[in-house]
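# Overview (structure and organization)
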Amino acid sequence: MLTVGVDIGGTSVRAGVVDKRGTILDTARVGTPSGADALNDAIVSVISSLTARHTISAVGLAVAGFVATDLKTVMFAPHLAWRRAAVAERISRKIDLPVVLEHDANAAALAEFRYGAARGAKVVTLIAIGTGIGAGLLLDGKIFRGAYGVAPELGHLRIVPNGRPCSCGKSGCWERYCSGTALSATAIELLAGHPGQSTVLAREAAGDARSITGRKVAGAARDGDPVALRAMAELARWLGEGLALVADIYDPEVIVIAGGVSESAPLFLDDAREIYRDAVTGAGYRPLARIRTAQLGDDAGLVGAAALARDVVNGHH
């Protein structure tokens, strides 16, 4: 039984044919268009290119946004055109297959539980660190969505009182200190505070501070750039502090660190683990979560959405 998973991001729509072992057999991709109708058409086109080559029983969409508990409606997606949109129904009508939606971090958490870094764990928290922070929570293998489909929105826990302003309207949110965007902001702040330092990043910033991306900071840190290493140490600090909060609330068995920033885990994860170990309530007297990096990488959302579609068709959801 084959299903299609579709990962709908701000820049691209990626679809894959997935078998019951979580193996991706075929893929298709298009750029993400700006309008809602154009987005629906783009999703239909990638799915259709795969259904032309394979017999598919259902489709799962992994969406960076709030998905209602019916798994059919996108309530809000900050980087996509949908607002209170009956996406599953519209796509299903055009491709004549069952369609189910899921938050992309939830889908990634499910994939890591079934096939990856959190296999078999009772309580799993996934923290996807990219441009911002996405999060998923699994209890006994089942996705916890909260009463209205919004949980767990961990990236917007306020971790620094009166801290950096966030696009959500609050200030001091976790993702403003622990994300690719945060890494860039920290490096720019450090350079402004120490203008005399002649480093790779300082030379880059002299041209245009906006050119300092999180990816560039990570690359400079690998090369031993002192400012980049300090920015990475700040990321580790706030990751550790945030994970201690998460552990106090959920007491997970496994925490999976996913997302683009996780590719630089060797630069910060050991330090973050130490900070987490010291900051968690009851430190020294309780078992600690195993903190692992994701095994499925960019494919986790797509694979998880396909797995969920299979569950729905089989009546396990």
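Please refer to the structure higher up on the page.
In this text the structure is predicted, and so the values were computed from the model without any measurement. (Residues numbered from 1 in each chain as written. Predicted model: local features only at pLDDT ≥ 70, side-chain atom pairs only at ≥ 80, totals over all residues. Heavy atoms only, no water.)

### Focus on the overall build of the protein chain
The secondary structure content of the protein chain amounts to 9 helices and 13 strands. By residue count, 51% of the 317 residues in the protein chain fall in the buried class. A sequence separation of at least 24 residues applies to 63% of the contacts in the protein chain between residues at least 6 apart. Carbon and sulfur atoms provide 51% of the accessible area of the protein chain, an area that totals close to 14,100 Å². Charged side chains of the protein chain number 33 positive and 32 negative; the gap between the two group centres comes to 2 Å. (Helix = DSSP H or I, 4+ residues; strand = E, 2+ residues; numbered from the N terminus. Buried < 20%, exposed > 50% of the residue type's maximum accessible area, 1.4 Å probe, protein only. Contact = heavy atoms within 4.5 Å. Areas by Shrake-Rupley, 256 points an atom, 1.4 Å probe, with all protein chains shown as cover. Lys, Arg positive; Asp, Glu negative; His and termini not counted. Charge placed at Lys NZ, Arg CZ, Asp CG, Glu CD.)

### Quick look at the sheet that holds strand E1 (residues 2-8)
Taken in spatial order, the 5 strands make up an open sheet running E3-E2-E1-E4-E8, and their pairing is mixed. Edge positions in the sheet fall to strand E3 (24-31) and strand E8 (99-103), since each of these pairs with one other strand and no more. Strand-to-strand twist across the sheet, computed as the mean angle between neighbouring axes with direction ignored, equals 20 degrees. Relative to strand E2 (residues 12-18), E1 runs antiparallel, the two sharing 6 bridges. Residue Val 4 lies in a different strand from E2, and its bridge partner there is Val 17. Along the sheet, helix H2 (residues 87-95) contacts strand E4 (56-63) and E8; its crossing angle with E8, the most-contacted strand, is approximately 145 degrees. Strands in contact with helix H3 (residues 104-115) are E4 and E8; relative to E8, the strand with the most contacts, it is inclined by about 95 degrees. (Pairing = 2+ DSSP bridges. Axes fitted to C-alpha atoms, helices over the stretch in contact; angles between N-to-C directions.)

### Regarding the packing of aromatic side chains
Applying the stated criterion to the full structure yields 2 aromatic pairs. Note on Phe 66 and Phe 76: the rings are 6.1 Å apart at their centroids and 55 degrees apart in plane angle, and the pair reads as tilted. Linking Phe 66 in strand E5 (residues 66-67) with Phe 76 in strand E6 (residues 74-76), this pair joins segments that are 10 residues apart in sequence. Classification of Phe 66 as partly exposed rests on a relative accessible area of 25%. (Phe/Tyr/Trp six-rings, centres within 6.5 Å; stacked < 30°, edge-to-face > 60°.)

### Examining the nonpolar core
If you look at the biggest cluster of nonpolar residues, it comprises 58 residues, and the most contacted ones within it are Ile 8, Ile 47, Leu 61 and Trp 82. Residue contributions to this core reach at least three from each of two domains, namely domain 1 (2-110 + 298-314) and domain 2 (119-294). Setting aside residues up to four positions removed in sequence, Leu 61 forms contacts with Val 6, Ile 8, Ile 43, Ile 47, Val 87, Ile 91, Val 99, Val 100, Leu 101, Glu 102 and Ala 305. The next biggest cluster of nonpolar side chains, apart from the first, holds 44 residues, and it includes Leu 190, Ala 221, Val 227 and Val 280. (Core = buried A, V, L, I, M, F, W, Y, C linked by side-chain atoms within 4.5 Å. Domains from an automatic or database assignment.)

### A look at the side chain of Glu 112
Inspection of the secondary structure assignment puts Glu 112 in helix H3. No salt bridge is formed by the buried Glu 112, whose closest oppositely charged neighbour, Arg 119, lies at an N-O distance of 7.5 Å. Each residue touching Glu 112, except ones within four places of it in the same chain, is listed here: Ala 117, Ala 118, Arg 119, Leu 126, Val 256, Ala 294, Gln 295, Leu 296, Gly 297 and Ala 300. (Salt bridge = Lys/Arg side-chain N within 4 Å of Asp/Glu carboxyl O.)

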